[in-house]
Each structure stands twice: as C-alpha cells, then as structure tokens.
Amino acid sequence: MTLHWKDYVLAYDEDVITHWHQACPDDRPATFVLGAGFDPRALVGLTKFLNLPKPGRLTIVVLELPEGPHRGEAHELAKINRGVLQNLERGSGATFRHVPFPDVADRLHAGLAISRQLHRETLIPHDGLVVVDISALPSSIFFPIIGSVLAQADEGPFAGDLQVLVCENPEIDRLILDEGSADPGPIAGFNKGLTQEASTAAIKVWAPIIGENQGPALDALFGYLTPDEICPVLPFPARNPRRADDLVMEHRDLLLGRMEVEPGNFIYAHETNPFDVYRRLADLSDRYRTALAPLGDAMVVVSVHASKLLSIGVLLAAWECNLPVVSVSPSGYVIENAGALLGESEHNRLASAWLLGEPYR
Amino acid sequence: MRTYQNPFRARASEHQRDLGTFLRNFGDGVLDLLPESLWDRPLVLRSAPGGGKTSLLRLFTIESLSTIHERRESFETLVDRLTRLGALTTSGPAVLGVMLNLDRDYRALRDVVGPGEASLKVFFRLLDARITMALLRSALVASNVDPQRLDLVQIRVRDNLLRASELLERFGGARGDAVFIWARQTEGEVLDQLDSLLPIGLNGGPRGHSDLYSLHLFSDAEVLVDGRPLGLRPLLLFDNGHDLTRSQRDALLERLFLRDLNLSRWYAERFEALSTGEVIGRGSIEGRDHELLELESAARRGRRGVNFDKVLKQVAELRAQRALERYAEVDYSFIELLEYEQDRVIAPRGREVGRTVRERVEALAGNDERYREWIRAVDEAASESGEYSAGVAWRELEILIARDQARPIRELFPMPLAPEDAERASGAGVREAAALFFARENGLAYYSGPDTVAKLGFHNIEQFLTLSGDLFQEMLAELILNRSPRLTAERQHSVIRRASDHLWRTIPRRLPYGQDVQRLLLNIVWIARQETYRPTAPYAPGVTGSALLMHERNQLLEPSFRELLPGGERLYRALGSAIAYNMVTAELNRPVKNQLFMVIYLNRLLLPRFDLPLGYGGFRERRLGVMAGWLTDVSRQVSPEIEELSLELRP
C-alpha cells in the first residue's frame, strides 16, 4: 500500500513560521480559518500569523462557536477571547469574515454545514495558502472542513497549499473536560457507509485514540458501535514514557473488563507525530480488510480521544482509507478554574502539518 | 497464567453476535413487566439509559426467537414465557421480529434538507427503505435460507388490494431482489447527500414521499420464501427513538398509532426523547391508541406482582454462575456469597460498642421513672439477642426517648411508659434509622447484603450490573488468592460506597448540564442529611428527597416564568437531565396536608456516598425560588464536609 503522506512535512514552534513564509511568498493570498470560542489557545496562532510581514491579500475566517449558557468560567474565557480578537481585527489590515454557528439538529452535522457554507461563499479559495487552526475547534467541526479541502484538491479545483495548525498544551487539555457525552455517531462527511443497513452485517473494528479523562466518551461510543474487535491506540513514544501504561490503568475496567480488549490488540503511536498515527491506522485498516475479506465486509472505525495534534493523523487515515470517524457531543465544558487555565499558557506549543501544496508537487 | 474475566463487566460478547451469551444472560422475569396487549396495539417502551429496552427488543427479533426455538431445552423458562406471550409456538417463532435502529442519520436530514415537510418526506423514504431491507433479510433468516438469496423472496398483496399493489409497484415489484435493490439504492442516494463533503447542487436534494408506505404495504401483503408463505406476523422493533428530531418522532408515532395497520410495532426511547417539560411533566403521548411501558416505574410499582429486585438477582445469578463454576470449581451462588452474619459486623468491638450506646441511653433517661420499663424491656431483650441486634435496639430506644422528651405537652403527673408504648411509637422506619445511626456512629458496615445490592440497582439493569461487577471483582481477587469468594459486610460496604462515590463524581462528565445537576443534588443531599440525623429521626428512616408544590412545578414548565425567575432555566434543564438519566425520580401529585407535590427522590446508589438510608419515604419540600437559587448563588457554600465525607470505615 502506498501512502499519500508517506513523506510528510511537519513543523514545531518557530519552524511553523518558516513554513508560512515558504508557503506564502510575496503577494500570494492567504486565508486563516480559526474557531472563536473560549479556549485560551484559540488566538495564539492567529496572533503570530498577523505579525508576519504580509503584502498579499489576507483573509481571516472566524468560525463562531456556541458559547453555551451565559455563565461560568467558559463564558468568561470566551469574553476575553472576543476582546483580543476585536483588537487583532482593528489593527491587522486583514479582512475578517465571521461565520455564525449553524442551527443544526444533529450536532455532529455542524461541521459539514459550516464546510459547505465556506465553499458556497468561496471563503476558502482555490489557491494561495489556507491555514486551518484547529486549536479551538472540535473534531466534528474541523474534520469536514479539512476533508472538504482535500476533496477539492482530489477533484481538481483546489490548487493551493493547505496547512493545519494546532496549539498544543496538554496541561490545558487536562483542565478542560467535556460535560455530558451525548449523541454518539459518525462525524458528518466521515460516515463512509457506517450507518448503511448493509453495515449491520459487516465486521466492525474500532480503533480509538486513547486519552486521559475520556471514559464516558469511550463508553458511549462502545455502546453505539458494538464493535467486533477493538484496537486502542496508545501514545508511545511519549514525553512521559509511562503515559501509555497510565492510560491503560485509568481505563482498565472499561478496556479490559467491559470491552474485553485483547492485550495483543493495543497499537502504539508517537505522541506528537500525527503522521505516525496516520501510518498505523492505514496499516491496521489494510491488514484487517485483507484478513477478514473471506468472512465478509470489514469496517475499521476510528475516533479521537486524545490531543488535537494526533487527530490530524486520524483525519488523514480516515480520508485516505475511507474510514468512518465517530464522536460524541458534549453539552458543555467543565472548567474548574479559568485563572489556572490562563496560567498554563507558557506550555503552549505550535505545530503545523503541511498537507497539500508545494512539498507534494 | 490463568485470566479471570468479570462476567458483569464483559459487555462486548453479548453486544456482538454471540446471541447465545445474550440469551443465557437474559433475565426472563422482566417479561412479566410487559402489558397484556402486545400485538395489536403499538407498544411504547421508555426508560433512562441502561433500563434494558434494547435487550428486551432484541429478544423478540427473529434471530433470537429462532435460536431459542432451536435450543428449547437450554432456554426452558424463556420458551415458556415467550409461548405464553404468543411470540413462540411449538413449531417455531410466531412473529417476524425486525430491529430498526433510529439513531442512524435521520436527525441529520433536517440539517441537509431543511425543516418542515420536505425533510419529513425524505425521512419516510429512508425509513421505508430500511424497514423493507430488514424485513426481507429477516424473512430469509426465518426460513433458514442463505441471506443473499433475495431472489427466493416474493411479496404477495392479500386480496389484490389496490393501494398495497400500487405501493408494491413503487417499491420495485413483487420480487424480493428487485425490492431490495430499490431499497438499497434509495438508502444510498440519501446517504450520499448526507455525507457529501462538497456542497450539494440546488436540484440535487434527496427525494422523499409523503407517508410511511412500508407500514401499509406489509400490513396488506404477505412474504413468501421459495414459494411458501412465511406465515409470521411482522413485528417492527424501533429502537432509540430519542435520536429522532421532535417532528420526526411525532410523525413516526402518529403513523405507528394508526388503528388499521395489520402488523405489530414496538417503539423504544429514552426519557430524553421527551421535551424537558414532558420529562418533568410526564404525559405527552399517553392515550388509548397504544400501550405505554416505562420500565423503571413499572419495576418500582411491581407490575402484575413482579418483584423487580428478584429479577435483578436472577440476572446476577445467570451472569455469575458460569464464571464462579469455572474459577472456584465449587458450586457457588453469587447472591449467597453476599450474605453475612450481622453479629460479625460488630465483632470484635461488640461489647464495647453496645455498652457505650446503653450508657448514653441511661444518661439521656436520667432518673426519669417514665422510661424505666422501656429500659428494662430492652435490657432483657438485648441479653438474649446478638450484640449487633442489641446495639441497634439500644439506639432505637435512644431515638424514642429523644422523641418523647421533645413532645410539646408534658403530663402533670408523669407515669412510667409501658413497653407496648415503645412498640407503638416505633416501627420499621425507626429501626432502620437506628441501624443507620448505630453503624455510622461506630464506623460499622451498613450497606451490604443481597437485598441492599438489588435496591441499589434502582430498577436499572445497567446500574445494577455495574455495581454487581464491582463486587464480583472483589470475589475474583479472593479466588486468585485461593480463598473463599464470600465477601464480608465490610468489604461490600466499602465497594458500594466507592461505587456510589464514582457515580457521584462522574455526573458532570456523563450528564448534559451535569454541573448543575450535581449542584441541585448536592443541595438535596444537604437537606437530607440535616433532617435524617436529627436526634429524633423525625422522618425515619430518613430523608432522601425534596419536593416542589405542583403549582410551582407547573410554573417551572412555563418559559415566560422561567425567564423571570433567576436560575429558573438552569433548574429546569438540570431537573430534566437528572430525571432523564435516572439520577432522581419524580413522583407527581403526591398529596400532603391538602397540597399536591412533585416529590424528587435521589437515585439510591447516590445515598451511600452521603451516609443516607435506602428506605423510601422522607422528603422535605422547598419553594421553587429556593431551588432555583441553589444554581445561581455561587457564594452559597454547601457543606464542604459533605463533599469531603470519608469513604473509609473507622478502624
């Protein structure tokens, strides 16, 4: 199997800015897409991007996110972000386009609705540099957006460069917890036949990327999918070499007891390299489909319960291998202390995956 | 190394295609909850998550019924009950049960097609396609024919009814393979549009039709396989109705409730399918045109004489039996392994603990002759009973004396009270309160024993299985150490309190508006503890709930009223979520002192975490404004000592 992103381009920290320069020389237009919510990482990338000397046309597409109830720590953080964004808007000289959050019945369909709107209104152009900053976007939103650009590149119209940017901060991840784990299902645009009547007879293999504090979401998806086989993906190598073990300890009742995961089914992927996750999942899909072909259709389903950075790998594998992606929708977020969250910004780390454009031509 | 599997935790094998495991573990007592009329009128099943709806529906699918029929000797009681219900005959299944999961795609139609009629039409068309495919496949299963041989299936309209004939044409004709192709293409067409990453063209929206035609078609047509009529009544089992949009759900129910349909239809949903107002208010669609079975409340009421706690114990035994046989190599019963001797709870401190409470009672009574006979009677009874019972009896007397001393009017010439007066003044509630007080004051195990475990299931199968799984894990630990798997009362108490704590701590992560739900419950707990532990135990065995006046509950249902009431909207949502997810039960129209109340009882599994009794009954009402204030007044500190209650027993 030949992988599209076998050779890849991934940058961290200051190298991210070098990537921007390389992808967007002179007066080439650039579009920066981001989510405006409460996450303190939402504007880190944009602030740096706007500091670049940029003679060409610059469009900032701000995706409004539902704020939830007008109370609590999340509301306060969102207010701070709004203020910072207004200042950036005033002083940048770029064109800002605000996209309101759509009114949807299925929250896992919001991303697809936004994506279709972005293309209908050509807010994502067919050329130049497009940066999608996923730091403050849920996977159900950014998967269809990035997927749609990949689809456009595949079918012809998109000829620009696509970079996916993420501001990683595991400390902040630990302080923001989902409230409620409702409505499990496929992310719109990544159903890939999962809900077809015929799929009820297919053998389902589920590969969740395991992260901390994700028990309720894992449990909800397990109930939804009723998979035949589960291959949890654990982070290794990792900065904390015991992290994979700690995760198994944290979820042992769920993984080993309730889900009856075979010890040999665990998959290990690099904690900070999304392309490693991508390779592992693509390989897993290939192996299972080949091995189970004599028994009928086999379907590898993926879900992300870990960092945003790793979710890029899941997205690429899902896109290339036609894997359904499932998720749950929280009703809100549990933030104990907004001050503590803001105090963790020193651990912010930018990473950028260059997915389409110059390096692959 | 030998691996030990916990049969209460392992859900994968029964979720999957291991039908045998599912059927072996099915507690058939739950079938007694079903109403009399099952086949002619539609049946609506409703419960909180984990209530057992899906398992109940799955039992009636053609795959389950066929397996049970093929292995009748292995499932004797199931065969018996299903035969009595009319689902099984001596020659095989009597119904063609087909499961249809409503959590797939339907809700998203509103987002792609838009709200209103157009979206409903596509909904009907997609659902028609799926009903048709599922029925055709099931017909082949029922006939034990290769599921790919759709060419062997034929649909024949009874009495050449015109409408059904037209519908059959619309569905692709009488041949099973042609109808299946129509259905698969229809599904594919809709799903392609739903999942397309690129914008859909203006004229490219999915097509629909104006009714759920398959209901009418299969009412008036029979299915033949290889030229032979199947002779089974179709039974459509719709699951997860809560995943539909409100208008889809209402439109589907309207069609299912039609009286002229000649097929059986069951529909299951969680409480969350109801609007928050309906969850709190209950009573949206109840009527004469269908049967309604709310699983938890039917279990609570003990429908048709069913003791649901017994059903739960049966479920536990079924699950544990094989594992215990395999691992212990001795014939153990899970329920019996939870039984214990009460006096062992108090040993070795029995005498000391008993003496302390006795001394306290004597000090409380002082030299008052009024209680002389009471003390003498308890002293006599205690000398003949075990140390635990004696201790509880002294603690009961302490409550009775405290109550008597608190009476507002004293006699002019005090006379000694007779032992019969104590019996009259006491009762099961006081004795339970005394046992709780006694255990808590002396750091003794209280939450243990098979009846307690069944009670803590709170009429919810999933909750009961999770708790039983925690206890079974301890049994496995004992077995690994080559010891008897019998659990002491202390071990059970400790496991149960940890399970209770876990349930409490995961509320914000599991429930919508979980933080507010937790805040609401914490305030109810605060009241419950204040009232339960008063020396006179006024609401014995204790308070485990709160209540709202019915007219205030009605006000809470009014959006305009909620807007004006600070915290009203949050209380409304939190209460709705707590009821929908079984964290509380709401009992409407309870008359107390000429007023009607909605009584809100806490989920029993939350009670051990807060040292509260498991007996139902006591509640303290609060005004609507006060309850709403619980959610808005951030400065209000609810008892940090409650939050930090130790989970350990005293050494």
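Residues numbered from 1 in each chain as written. Chains lettered and ligands numbered in written order. Predicted model: local features only at pLDDT ≥ 70, side-chain atom pairs only at ≥ 80, totals over all residues. Heavy atoms only, no water.

Trainee: Could you give me a rundown of the overall build of chain A, with the residues and numbers involved?
Mentor: When you go through chain A residue by residue, the secondary structure sums to twelve helices and 16 strands. For a compact globule of 361 residues, the expected C-alpha radius of gyration is about 21 Å, and chain A comes in at 20 Å, within 12% of that figure. Oriented by its inertia axes, the alpha-carbon framework of chain A measures out at about 60 × 45 × 40 Å. Relative to its full complement of 361 residues, chain A shows a buried share of 61%. Here the contacts in chain A between residues at least 6 apart in sequence split such that 84% fall between residues at least 24 apart. Per element, the accessible surface of chain A, about 13,800 Å² overall, is 49% carbon and sulfur. Charged side chains of chain A number 29 positive and 47 negative; the gap between the two group centres comes to 3 Å. (Helix = DSSP H or I, 4+ residues; strand = E, 2+ residues; numbered from the N terminus. Rg over C-alpha atoms; globule rule 2.2 N^0.38 Å. Buried < 20%, exposed > 50% of the residue type's maximum accessible area, 1.4 Å probe, protein only. Contact = heavy atoms within 4.5 Å. Areas by Shrake-Rupley, 256 points an atom, 1.4 Å probe, with all protein chains shown as cover. Lys, Arg positive; Asp, Glu negative; His and termini not counted. Charge placed at Lys NZ, Arg CZ, Asp CG, Glu CD.)

Trainee: Can you explain the interface of chain A and chain B? Please cite residues and give values.
Mentor: Listed per partner, the contact involves 57 residues of chain A and 46 residues of chain B. At the boundary of chain A and chain B, one finds four salt bridges. Between Asp253(A) and Arg9(B) there is a salt bridge, with its nearest N and O atoms 3.3 Å apart. Every element with two or more residues in the side of chain A that touches chain B is listed here: α4 (110-120), α5 (139-155), β7 (176-179), β8 (182-186), α7 (215-225), α9 (252-258) and β15 (332-335) of chain A. If you tally residues by element for the side of chain A that touches chain B, the top one is α5(A), at six residues. Of the residues assigned to the side of chain A that touches chain B, the class counts are 23 nonpolar, 19 polar and 15 charged. (Salt bridge = Lys/Arg side-chain N within 4 Å of Asp/Glu carboxyl O. Nonpolar A, V, L, I, M, F, W, Y, C, P; charged D, E, K, R; others polar.)

Trainee: Report on the sheet that holds strand β1 (residues 43-47) of chain B, specifying residues and quantitative values.
Mentor: All names here are of chain B. Read across the sheet, five strands follow the order β4-β8-β9-β1-β10 without closing on themselves; strand pairing throughout is parallel. A strand with exactly one partner marks an edge of an open sheet, and here the two such strands are β4 (95-101) and β10 (291-294). Direction aside, neighbouring strands of the sheet carry axes that sit 15° apart on average. Note: β4 against strand β8 (residues 233-239), seven bridges, orientation parallel. In the strand pairing of β8, Met-99 is matched with Leu-237. Against the sheet, helix α11 (residues 246-256) touches β1, β8 and β9 (264-270), its axis set at about 155° to β9. (Pairing = 2+ DSSP bridges. Axes fitted to C-alpha atoms, helices over the stretch in contact; angles between N-to-C directions.)

Trainee: Quick one: what's the story with the packing of aromatic side chains, residue by residue and with numbers?
Mentor: Residues and elements named next belong to chain B. Scanning the entire structure with this criterion turns up 25 aromatic pairs over all chains. An angle of 40° between the planes, with centres 5.0 Å apart, marks the rings of Phe-8 and Phe-334 as tilted. You can see Phe-8 sitting in the segment before α1 (12-15) and its partner Phe-334 sitting in the loop between α14 (308-328) and α15 (342-346), a full 326 residues away along the chain. A relative accessible area of 1% places Phe-8 in the buried class. (Phe/Tyr/Trp six-rings, centres within 6.5 Å; stacked < 30°, edge-to-face > 60°.)

Trainee: Explain the domain arrangement of chain A residue by residue, including any values.
Mentor: All names here are of chain A. Domain boundaries assigned for chain A yield domain 1 (9-169 + 339-360) and domain 2 (183-328). Look at where the C-alpha atoms of domain 1 and domain 2 centre, and you get two points 26 Å apart. Each partner contributes to the interface: domain 1 provides 27 residues, whereas domain 2 provides 24 residues. Interface area lost by domain 1 to domain 2 is led by Leu-108, Phe-143 and Glu-168, which between them contribute 33%. At the junction of domain 1 with domain 2, the criterion picks out one salt bridge. Between Arg-107 and Asp-183 there is a salt bridge, with the nearest N and O atoms lying 3.6 Å from each other. Put simply, domain 1 and domain 2 have six residue pairs in polar contact (both at pLDDT 80 or more) between them. Secondary structure elements with two or more residues in the side of domain 1 that touches domain 2: β1 (9-12), α5, β6 (161-168) and β16 (349-356). Of the residues forming the side of domain 1 that touches domain 2, the biggest block, ten residues, is contributed by α5. (Domains from an automatic or database assignment. Buried area = accessible area lost by both parts, 1.4 Å probe. Polar contact = N/O pair within 3.5 Å; in protein donor to acceptor, adjacent residues only side chain to side chain.)

Trainee: Tell me what's going on with the sheet that holds strand β4 (residues 95-99) of chain A, and back it up with residues and numbers.
Mentor: Residue and element names in this part refer to chain A. Judged by pairing direction, the sheet is mixed, and its seven strands sit side by side in the order β1-β16-β6-β5-β2-β3-β4 without closing on themselves. Pairing within the sheet leaves two strands with one partner each, and these edge strands are β1 and β4. The mean inter-strand angle of the sheet, taken between neighbouring strand axes irrespective of direction, is 20°. Across seven bridges, β6 lies against β16 in antiparallel orientation. If you follow Glu-168 over to β16, its bridge partner there is Arg-349. Strands in contact with helix α3 (residues 72-92) are β2 (30-36), β3 (58-64) and β4; relative to β4, the strand with the most contacts, it is inclined by about 145°.

Trainee: An account of the confidence of the model for chain B is needed here, citing residue identities and associated values.
Mentor: Residue and element names in this part refer to chain B. Here chain B averages 88 in pLDDT, while 93% of its residues score no lower than 70. Between the elements of chain B, mean pLDDT differs from a low of 54, seen in helix α30 (residues 640-643), to a high of 97, seen in β8. Note that pLDDT drops below 50 for residues 646-651; the model gives that stretch 16 contacts with residues more than four away or on any other chain. Predicted complex metrics record ipTM = 0.88 and pTM = 0.87. (pLDDT = per-residue confidence, 0-100.)

Trainee: Lay out the packing of α14(B) against helix α22 (residues 461-480) of chain B in plain terms, naming residues and giving numbers.
Mentor: Packed helices, taken two at a time, are described by their axes: the angle between them and the distance between them. Residues and elements named next belong to chain B. The contact between α14 and α22 brings their axes to 11 Å, and the two run at 30°. As summarised for this structure, α14 and α22 are arranged roughly parallel, according to the angle between their axes. Handedness of the α14/α22 crossing: right-handed. Touching Phe-308, Leu-312, Lys-313, Val-315, Ala-316, Arg-319, Ala-320, Ala-323, Leu-324, Tyr-327 and Ala-328 of α14 are Ile-461, Phe-464, Leu-465, Phe-472, Leu-476 and Leu-479, all from α22. When its residues are assigned to classes, the contact of α14 with α22 shows 15 nonpolar, no polar and two charged. (Parallel < 35°, antiparallel > 145°, perpendicular 65-115°, else oblique. Left-handed = near helix turned anticlockwise from the far one by under 90°.)

Trainee: Tell me about the pattern of salt bridges, and please be specific about residues and values.
Mentor: Counted by the stated rule, this structure contains 73 salt bridges over all chains. Measuring nitrogen to oxygen at the nearest pair gives 3.0 Å for the salt bridge that ties Arg110(B) to Asp103(A). Residue Arg110(B) is located in helix α6 (residues 106-113), and its partner Asp103(A) is located in the loop between β4 and α4; the two belong to separate chains. Its relative accessible area of 63% is what places Asp103(A) among the exposed residues. For Arg358(B), the salt bridge is made with Glu362(B), and the minimal N-O distance between the two is 3.0 Å. Of this pair, Arg358(B) and Glu362(B) both sit in helix α16 (residues 350-365), four residues apart, which is roughly one turn of that helix. Sharing partners across several salt bridges, the network here consists of Arg46(B), Arg246(B), Arg249(B), Asp250(B), Glu269(B) and Glu294(B).

Trainee: I'd like a description of the pairing of strand β13 (residues 298-304) of chain A, backed by residues and values.
Mentor: Residues and elements named next belong to chain A. For β13, the tally of buried residues reaches seven of seven residues, placing the bulk of the element in the interior. Burial along β13 is two-sided: Ala-298, Val-300, Val-302 and Val-304 and Met-299, Val-301 and Ser-303, pointing in opposite directions, are all buried. Two strands pair when backbone bridges link them, and strand β9 (residues 203-209) and β13 are joined in this way by seven bridges, in the parallel orientation. Across the sheet, the residue bridging to Pro-208 is Ser-303, located in β13.

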